[in-house]
Every structure is written in C-alpha cells, then in structure tokens.
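# Observations on the three-dimensional arrangement
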Amino acid sequence: MSDNFEFEKETMNIEASEKSITEDKSFEDSKKIINEIIVELFNNIMMIEEKAVRMRGISDLSMSEIHAIDAIGVGEGKMMSEVAEELHITMGTLTATMTKLEKKGYAKREKDPTDRRVVLASLTRKGELANKIHKNFHDEMIDRVMIDLDLHEDKILIKSLRNINEFFIKEYLAD
C-alpha cells in the first residue's frame with residue numbers, strides 16, 4: 001500500500017509540474033503577445049491618427065499641433081501654462097506651436113483682461129472644427145474597441161489600460 005501511495009503521490013507531482021510548465025508557457029506566450037500588441041500600437045498610433053485626420057480634411061497640421069488644439073479645447077481660453085503642463089512641454093515649445101497655429105488660423109493668444117500678466121490661448125472657428133474632427137476620430141476608435149465587449153470586459157480593459165498608464169506615469173513622468 002505504501003508503494004502505491006508513493007506512486008500516486010509521484011504521479012500527482014508530475015502532473016502538477018506539467019500543469020505548472022504549461023501555465024508558465026501560456027503566461028510567457030501571453031506576455032509576448034501583449035508586448036507585441038502594445039509596441040505595435042504605440043509605434044502606429046500617431047501615424048494612424050495623423051492619417052485619419054488628414055483623410056478628414058486637415059492636412060496642414062502636425063500631430064503635436066493637433067494635440068495642442070485638443071489641450072486648448074473649446075471655450076473662453078486656457079492659460080498657456082495650463083496647456084503646456086497638460087501637454088508635458090515647456091512654455092517655449094508651446095509658444096512656438098502657438099505661433100504656428102496662429103499663422104495657420106487655428107488659434108489665438110490674448111492677455112487675460114483681469115490679469116495682464118496671464119496669456120490665454122483659445123481656438124478660432126477653424127481650430128474648433130479641427131478639434132471636432134480630431135475628437136470624432138477618437139470617438140470612432142473607442143467605439144470600435146468597445147463594440148464587441150460586454151460590461152465586464154469593459155471594466156477589465158479599463159483596469160488594464162489604467163495600470164499601463166499609471167506604470168508609465170510613475171516610471172517616466174513622475175518628478
């Protein structure tokens with residue numbers, strides 16, 4: 001009986017080891033696939049976004065200019081320092097971008113009437129249209145991502161994307 005028990009115990013250990021190896025391989029395969037998808041997505045997203053915006057009629061803006069338009073947003077205007085902070089760029093870089101956007105007719109800068117030291121950035125009608133076109137692209141992209149997901153899967157995707165974003169912020173953007 002003791003030999004039989006030892007044999008069964010050894011058989012169970014082998015099966016557990018095989019299962020562990022299979023799970024480890026599956027985990028490693030999943031890691032590899034996820035890495036490939038993220039790298040490909042990061043490499044392609046700006047190109048895809050730029051192409052999609054150009055297909056919608058905006059051919060004279062770079063993606064950094066489009067993202068500046070997005071950061072300025074629609075409304076009464078936003079402090080230049082707020083826009084620069086949102087974009088994680090220097091005031092000098094934003095000033096150069098704003099100069100280009102003004103020349104192209106997409107944005108304008110004005111002194112804040114209540115505090116002349118503050119410069120407000122705002123969009124022209126042309127800038128608001130470009131912003132709307134850009135936002136429509138994002139809406140279509142998100143709709144496509146979510147089309148086949150149920151509520152539980154939406155929550156898992158949101159959690160996963162938050163984790164990735166928090167990792168990058170913590171590791172590369174935190175002061």
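Computed from a predicted model, the values in this text were never measured in an experiment.

Here the chain averages 87 in pLDDT, and 86% of its residues register 70 or above. Mean pLDDT per element in the chain: helix α1 (residues 2–55) is the minimum at 74, and helix α4 (residues 91–104) is the maximum at 97.

Pairing between strand β1 (residues 78–79) and strand β3 (residues 115–123): two bridges, direction antiparallel. Paired with Lys 78 across the bridge in β3 is Ala 121. Relative to β3, strand β2 (residues 107–112) runs antiparallel, the two sharing six bridges. Paired with Glu 110 across the two strands is Leu 120, which belongs to β3. Linking two consecutive strands that pair antiparallel, namely β2 and β3, is a turn of two residues.

So, on to the side chain of Asp 154. Along the polypeptide, Asp 154 turns up in helix α6 (residues 151–173). Of the buried charged residues, Asp 154 lacks a salt bridge, with Lys 155 as the closest side chain of opposite charge at 8.9 Å.

Parameters at a glance
Residues numbered from 1 in each chain as written. Predicted model: local features only at pLDDT ≥ 70, side-chain atom pairs only at ≥ 80, totals over all residues. Heavy atoms only, no water. pLDDT = per-residue confidence, 0-100. Helix = DSSP H or I, 4+ residues; strand = E, 2+ residues; numbered from the N terminus. Pairing = 2+ DSSP bridges. Buried < 20%, exposed > 50% of the residue type's maximum accessible area, 1.4 Å probe, protein only. Lys, Arg positive; Asp, Glu negative; His and termini not counted. Salt bridge = Lys/Arg side-chain N within 4 Å of Asp/Glu carboxyl O.

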